[in-house]
Amino acid sequence: MLASARPFLTLAALLSLAACTGAEAPEGGAPAGDGAKAGKAKAKAEAPAYVPLQQAIEGAPAPAILLSQAWFLKDANGKPKPGPARLQVWRKGADGWQATLLEDGESNVFHKALATDAGLLTIAGEKAMLKRWSHTAGAWSAETLWSKSWGGKFNRLRDIEVGDVDADGKDEWVVATHDGGVIAVINPGENGAAPEVIELDAKPDTFVHEIEIGDIDGDGKKEFFATPSDRNQANASQAGEIVAYRWDGTTYTRSLVDGGAETHAKEVLATDLNGDGKAELFGVLEAETDAAKQVKTPVRIRQYTPQPDGTFAHTDIATINDRQTRFLVAGDFDGDGQTELVAAAMKTGLYLLDPSTDAKGVTTWASTVIDPVSSGFEHATIAADVDGDGRPELIVAADDQRELKLYRWDAEKKAFAKELIGRLQGDTITWNIAFTTL
């Protein structure tokens, strides 16, 4: 059960219908009716429309945590309805961490926000919109860079990554969409020109969940990876794939990394573990469930190794007894010179995956629980050097506990120490975390 005490099945159904979830109404929501039909009609007629908040950021630039969120308020009859897309901005000042809100009434969820040289980019759902935001003289302004509908039941931009994927020396934006199967490679416009959008692999009733960019063969050119699957279902497995794309000088060629009918991945990670210039590739397979919605095969974390013939071999490096694990991040958290991974499972906590390689070059992974009481439907997590000491910390949004928290390695205790940054509002799912200066 989530902290709101609303059954999870109800939340999952809301997710599949509205790209967000809800529970108790947040403060400031519309008032409930009085139970009589006339009273309900009057309350509905008099209920004030919610006005999206765009709160000013004050003071000099400061470290900032960006939480991309969906949330619910209540209508005049007390029923939950999606609120506007929300970005919660936590900034650290002399008085500690303080939050402000940026909301957009044109959509009902921000799936991700990224701070780039081109500005603060957000991707949204219901409507599918890519926007660039700027903050000047205490006010926010936005420019819509790309918006489109593919004619399906849903209309969402689900993930975005930035990198030079066509080896032209300039970054592109690679975007995953629901539910027309489209993966879009966007070349940002220069000098005021509109962006150029290349749409790949359109397929009806297909959800693309994740984009990841990395050079896995060490040739100095970046590949990108995506995770298309069948339509989302509440508490049921869907078939899906992990696919790779490479620029051949003319177009983006597609190859299969992994796939099956039993389950799918919503998380992939490309990171250079050993500093050899090649990114290692990992995927997280959701649990397989049976007809009774019971876990048959738990979450599996796999490492993929490219083969000379263009295929990929895989090794399962860890299993997690949970339904899903949607964040996998990398960092040398303990300062020993070895990059570790942290997996954020939906219900069973945060896991540290620590690799060690023997004299024969065989790598094994030790798994330990960082915090068993940390959970959330997405359980958004990021590794970032928050305090500027050259070593990353973990930032975690635990929606079940309504906590935004930071974990820092304690060398003396040889464990992570937890610090509470602030409380998260109920009726909210945090879809992603970014760290920047704002």
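Look above for the structure.
Note that this is a predicted model, so its numbers are computed, not measured.

Enquirer: Is there a simple way to explain the sheet that holds strand S15 (residues 240-247) in this structure?
Expert: Sheet strands pair via backbone hydrogen bonds, and the direction of the pair is either parallel or antiparallel. In space, the four strands of this open sheet follow the order S13-S14-S15-S16, with antiparallel pairing throughout. Both outer strands of the open sheet, strand S13 (206-214) and strand S16 (252-260), are each paired with one neighbouring strand and no more. For this sheet, the mean inter-axis angle between neighbouring strands, taken without regard to orientation, is 25°. Where S15 lies against S16, eight bridges are found, and the strand directions are antiparallel. Note that in S16 the partner of alanine 244 across the bridge is serine 255.

Enquirer: What's the story with the pairing of strand S23 (residues 325-331) in this structure? I'm lost.
Expert: With respect to burial, S23 is a largely interior element, six of its seven residues being buried. Bridge count between S23 and strand S24 (residues 340-345): six bridges; the pairing is antiparallel. For glycine 331, the partnering residue across the bridge sits in S24 and is glutamate 340.

Enquirer: For this particular structure, what's the right way to read the pairing of strand S10 (residues 172-178)?
Expert: Here is the key point about a regular strand: its side chains alternate between the two faces of the sheet. By the criterion of burial, S10 is predominantly enclosed, with seven of the seven residues buried. What you see with S10 is no split at all: Glu172, Val174, Ala176 and His178 on one side and Trp173, Val175 and Thr177 on the other are buried throughout. Note: strand S9 (residues 156-163) against S10, seven bridges, orientation antiparallel. Paired with valine 162 across the two strands is tryptophan 173, which belongs to S10. Judged from the four bridges that link them, S10 and strand S11 (residues 183-187) form a sheet pairing that is antiparallel.

Enquirer: Which parts of the structure should I look at to understand the packing of aromatic side chains?
Expert: Geometry of an aromatic ring pair is reported as the spacing of the ring centres plus the angle between the planes. Counting across every chain of the model gives 11 aromatic pairs. Aromatic side chains phenylalanine 110 and tryptophan 133 sit 6.4 Å apart centroid to centroid with 90° between the ring planes, which places their arrangement in the edge-to-face category. You can see phenylalanine 110 sitting in strand S5 (residues 109-116) and its partner tryptophan 133 sitting in strand S7 (residues 129-136), a full 23 residues away along the chain. Each of the two residues, phenylalanine 110 as well as tryptophan 133, counts as buried. On the numbers, 5.6 Å between centres and 65° between planes, the contact of phenylalanine 224 with tyrosine 252 is edge-to-face.

Enquirer: Please clarify how the nonpolar core should be interpreted in this entry.
Expert: The nonpolar side chains of a soluble globular protein tend to be buried with one another. Within the largest apolar cluster, 28 residues are counted, with the highest numbers of intra-cluster contacts made by Leu394 and Ile395. Secondary-structure elements contributing two or more residues to this core are strand S1 (63-74), S23, S24, strand S25 (350-357), strand S27 (381-384), strand S28 (393-398), strand S29 (403-410) and strand S30 (415-423). Apart from the residues lying within four places of it in its own chain, the contact partners of isoleucine 395 are Ile65, Ala380, Thr381, Ile382, Ala384, Val386, Leu404, Lys405, Ile421, Ile433 and Phe435. By size, the runner-up hydrophobic cluster in this structure holds 16 residues, among which are Val299, Ile317, Ala318 and Ile320.

Enquirer: For this particular structure, what's the right way to read the sheet that holds S28?
Expert: Read from one edge of the open sheet, four strands run S27-S28-S29-S30, paired in antiparallel fashion. Strands with a single pairing partner mark the edges of an open sheet, and in this sheet they are S27 and S30. The mean inter-strand angle of the sheet, taken between neighbouring strand axes irrespective of direction, is 25°. As judged from the eight bridges shared by S29 and S30, these two strands associate in the antiparallel manner. Bridge pairing in S30 places lysine 405 opposite leucine 420.

The rules behind these values
- Residues numbered from 1 in each chain as written.
- Predicted model: local features only at pLDDT ≥ 70, side-chain atom pairs only at ≥ 80, totals over all residues.
- Heavy atoms only, no water.
- Pairing = 2+ DSSP bridges.
- Helix = DSSP H or I, 4+ residues; strand = E, 2+ residues; numbered from the N terminus.
- Axes fitted to C-alpha atoms, helices over the stretch in contact; angles between N-to-C directions.
- Buried < 20%, exposed > 50% of the residue type's maximum accessible area, 1.4 Å probe, protein only.
- Phe/Tyr/Trp six-rings, centres within 6.5 Å; stacked < 30°, edge-to-face > 60°.
- Core = buried A, V, L, I, M, F, W, Y, C linked by side-chain atoms within 4.5 Å.
- Contact = heavy atoms within 4.5 Å.

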